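These are the residues of each chain, in order.
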Amino acid sequence: KGIPRFYDINGFLTRPDIFQLVIDVFVKRYENANIDSIAGFDARGFVIGAPLALALKKPFFMLRKPGKQPNAITSGSYSVEYGTRGGMSIPRGHPLNKEDPDKLSTVVKSGDRVLLVDDLCATGGALAAGV
């Protein structure tokens, strides 16, 4: 139970040169991956995902906990090592497509390849909810 060794991202956030290097490494890794957009998990995924999206010139959106984002679509709950969480939410997008009776997200469309970004994947629960 727990994570045997965990390095927090705060260390490189205080060093712009290192932070830039981290983003550059991710850009190199994903520049030819044919992704359509980037999603960052609440909240540290925002810190890495947004600058990565800018560098790759891809749309960015936030995956947030239920109730933290207006006009959102929320997944089912998921398990973590210490219990259960209430799912993840993505923005529905604006404007909604009038021809879409189910009012699905315009941020992510069927067949899109989305890069999911977070600072840590412990049990995979949040990652599974994001998918």
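Before any of the text, the structure's been laid out above.
Along each chain, residue indices are assigned from 1 in the same order as the chain's sequence is written. At least 70 in pLDDT is required for a residue's local features to be given in this predicted model, at least 80 for side-chain atom pairs to be given and counted, and no such filter applies to totals for whole chains, interfaces and linings, which use all residues. Hydrogens and water molecules were not included; the side-chain quantities draw on all heavy atoms of the structure.

The next point concerns helix 2 (residues 16-30). In an α-helix, one full turn covers 3.6 residues, which means residues spaced three or four apart are oriented alike. Numbering of helices and strands runs from the N terminus; a helix is a DSSP stretch of H or I covering at least four residues, while a strand is a stretch of E covering at least two. For a helix, the expected span equals 1.5 Å multiplied by the residue count minus one. The end-to-end C-alpha distance of helix 2, which contains 15 residues, comes to 21 Å, matching closely the 21 Å that a straight helix rising 1.5 Å per residue would cover. For the exposure calls, accessible area comes from a 1.4 Å probe over protein chains only, and a residue counts as buried if that area is under 20% of its type's maximum, exposed if over 50%, partly exposed in between. Of the residues making up helix 2, those classed as buried are Val22, Ile23 and Val27. One face of helix 2 carries all of its buried residues, which in axial projection span an arc of 135°. Those residues of helix 2 that are exposed and angled more than 90 degrees off the buried face are Val25, Lys28 and Arg29. Any two residues having at least one pair of non-hydrogen atoms within 4.5 Å are treated as being in contact. Elements that come into contact with the buried residues of helix 2 comprise helix 1 (10-13) and helix 3 (44-56). The directions from the helix axis to the C-beta atoms are what the arc is built from.

Stacked, tilted and edge-to-face are the three classes assigned to paired rings of Phe, Tyr and Trp, where Trp is represented by its six-membered ring and a pair needs centres within 6.5 Å; plane angles under 30 degrees give stacked, over 60 edge-to-face, the rest tilted. All told, the structure shown has two aromatic pairs when counted by the stated rule. Between phenylalanine 12 and phenylalanine 19, the aromatic rings sit 5.6 Å apart at their centres with planes inclined by 50°, giving tilted as the arrangement. Between phenylalanine 26 and tyrosine 30, the aromatic rings sit 6.4 Å apart at their centres with planes inclined by 15°, giving stacked as the arrangement. Taken together, the residues phenylalanine 26 and tyrosine 30, both in helix 2 and four residues apart, mark about one turn of the helix.

Moving on to the sheet that holds strand 7 (residues 114-117). Strand-to-strand pairing in sheets goes through backbone hydrogen bonds, with the strands running parallel or antiparallel. The sheet built from three strands is open, its strands ordered 2-1-7 with parallel pairing. On the outer flanks of this sheet lie strand 2 (60-63) and strand 7, each paired with one strand and no other. For this sheet, the mean angle separating the axes of adjacent strands, direction not counted, is 25°. Of the pairings in the sheet, the one linking strand 1 (residues 37-41) to strand 7 comprises four bridges and is parallel in character. Opposite isoleucine 38, over in strand 7, you have leucine 115 as the bridge partner. Strands were regarded as paired on the criterion that DSSP finds at least two bridges between them. Every angle, taken between N-to-C directions, lies between 0 and 180 degrees, and every axis is a line fitted to C-alpha atoms, over only the stretch in contact when it is a helix.

With that settled, consider a nonpolar patch on the surface. A cluster of nonpolar side chains, Ile18, Leu21 and Val25, forms an exposed patch at the surface whose accessible area comes to about 250 Å². Judged by its relative accessible area of 52%, valine 25 is exposed. Every patch collects residues that have over 30% relative accessible area and no salt bridge, joining them within 9 Å if they carry like charges and within 5 Å if they are nonpolar side chains (Val, Leu, Ile, Met, Phe, Trp, Tyr). Under the convention used here, a 1.4 Å probe and the Shrake-Rupley method define accessible areas, while residue burial counts only the protein chains that appear. Any Lys or Arg side-chain nitrogen located within 4 Å of an Asp or Glu carboxyl oxygen qualifies as a salt bridge.

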